[in-house]
Every structure is written in C-alpha cells, then in structure tokens.
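# Per-entry structural report
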Amino acid sequence: MKVAMTIAGSDSGGGAGIQADLKTFAAHGLHGVCAVTAVTAQSTVEVRDWLALEPRMVVAQIDTVADDMSIAAVKTGMLANAAIITAVAEAIRRRGFPHLVVDPVMVAKGGQRLLDKDAERAYAQRLFPMATLVTPNLPEAEALLGRPVRTRSDMREAARALLALGPGAVVVKGGHLEGDAIDVFFDGERLVEIGTPRIDTRNTHGTGCTLSAAIAARLALGEEPLQAVRGAKAYLTAAIRGSYSVGAGHGSVDHMHPLLARQD
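Glancing now at the overall build of the protein. Secondary structure assignment for the protein yields 9 helices and 9 strands. In terms of overall dimensions, the protein is globule-like: its C-alpha atoms have a radius of gyration of 17 Å, near the 18 Å expected for 264 residues. With the principal axes as the frame, the protein shows a C-alpha extent of 45 × 40 × 40 Å. Burial statistics for the protein: of 264 residues in total, 55% are counted as buried. Looking at charge distribution, the protein has the averaged site of its 27 positive side-chain charges lying 2 Å from that of its 28 negative ones.

So this is what it looks like as structure tokens:
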C-alpha cells in the first residue's frame, strides 16, 4: 500500500487539518501518516486557541515515519511559524520526497490567524522551490504577492507570479469569488481554468485541506499534476455535495464518500 504524509495542525473539531487529510488519504486507498505541527482548540464555529509544537518534535515525527516507510507524497498545511516552516523545509529537502503539495494555510475559515504574520514570506522562500504544486486561496495569494487578487484575471496573473517563486505548478483557488467555483492551474505551459457549479451549503469546513490532500493522494498514485488537480476537484465537489451539518457553524464535507459509494 502506498503511503502519503500530511504535515499540518490538528483540528479538534474533526473537519480540517490532520483529521481531514487522513480521511482523504484513506478515501483514496492510501495509508496516511502525519507529523502534527500544532494543536488547535477548534470547532465548527471558531478556533478558540492554538499551540505550536517545537520544531524539533515536528521533524522527529517526519524522520521517524520516513525511516520506517517509503513516502510517496507529502502535503503541508498549518505550519504556524517561521521556525517550523524552516525546519520542515530542511527535513523535506534532506529526505527528497518524490512529491510535495504546499497548502499555505494562514487564516481559518472563521477568520482566525493560523500563521504568525512574520512567517508568510518563509513559505515562498523555503517551501515553494521544492513543491510539485502549491494551492493558495485568494487571501493567501494576496498575502504572498502583496497585491489584491480579486478577479479571474487577477488569479491568472497571480498564478504566473507564484510560479516564478519556484514550484512546479500552481493552483489559485477561486472559492472566495461569486458564481461557479473556478480554480486556475498554471505549470509554465498550461494555463487552465477548472470550474464546477457552486453548491449551496455552509458545510465547507476544511475544503482547502481536503483539496490539497486529494491532490497529494493522486500524485502518490501516479497521476501527473493537472490530472491530479482535476481528479481532486471532482472528489471535493462530491464531498461538498454530500456534506452534513454538525455543530452550530460550518459543517463537514463527506471525505469518505468514495468508500461508502463502493459499499452500496
């Protein structure tokens, strides 16, 4: 069985972060492993508090698992601060994992910051040059580039600018815009808009984590980047369509829908 690793924060509410990633890996038939970077006190309503782990402990998790198993793909999510970003980047460089998907998590859906402000540039400087693909949403793209990204045209230009920072490919996620959910993929040759009809639901907690984990899973299974993004987008759309209410805020998508469908 192929193994995929997530390096991210824990969501005590179960809808995002490590929890979403591991469910997504399982739904794709992979064995999921993890390196926890931070613990959040989180629900569907809020991130009440969070605490970052020591960088040495994050790296210890990566190395301990990688010493024992062959890792086919890695994704990063919440990395919390510049020290963790630097330590994770060095561990990934040293290990030479075959695929890396970087989801530059900065702010939770409820608006709470999940990254120290002074660490934003560390993503681009440390992790982007090693990434197979990066998956910023519009606010993250704005923070990384220092300019507004608010239209489809802005997204295309942002994808070009972010690719210049070193990753193999970029997906700028357009979920914050009105209308259909359209993402922009760019790998230096292909500039592709990938769209799906917007589903009318507030149960979208963890969608960014889920998409990047699904892309990593599909890369681990041998798909090339654009194919992996298209498949991950289809998987996420079905997960949102099957989403459910839990708690008083943004409910969860149905990460396990492929397994449940096979049982029917």
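Now that the structure has been shown, the text picks up again.
What follows concerns the pattern of salt bridges. This structure, assessed with the given rule, holds 15 salt bridges. Between Asp63 and Arg95 there is a salt bridge whose closest N-O contact spans 3.1 Å. A residue pair is termed long-range when its members are at least 10 positions apart, and Asp63 in helix H2 (residues 55–68) and Arg95 in helix H3 (residues 82–95) qualify at 32 residues. Measuring nitrogen to oxygen at the nearest pair gives 3.2 Å for the salt bridge that ties Arg150 to Glu142. Assessed through its relative accessible area of 56%, Arg150 is described here as exposed. Here the salt bridges do not stand alone but share partners, grouping Asp63, Asp67, Arg94 and Arg95 into one network.

Structurally, the position occupied by Val39 is in strand E2 (residues 31–42). Between the C-alpha atom of Val39 and that of Pro139, which follows or precedes it by 100 residues, the distance is 23 Å. Once you skip the residues sitting within four places of it in the chain, Val39 turns out to touch Ser10, Asp49, Trp50, Leu51 and Leu53.

Parameters and conventions
Residues numbered from 1 in each chain as written. Predicted model: local features only at pLDDT ≥ 70, side-chain atom pairs only at ≥ 80, totals over all residues. Heavy atoms only, no water. Helix = DSSP H or I, 4+ residues; strand = E, 2+ residues; numbered from the N terminus. Rg over C-alpha atoms; globule rule 2.2 N^0.38 Å. Buried < 20%, exposed > 50% of the residue type's maximum accessible area, 1.4 Å probe, protein only. Lys, Arg positive; Asp, Glu negative; His and termini not counted. Charge placed at Lys NZ, Arg CZ, Asp CG, Glu CD. Salt bridge = Lys/Arg side-chain N within 4 Å of Asp/Glu carboxyl O. Contact = heavy atoms within 4.5 Å.

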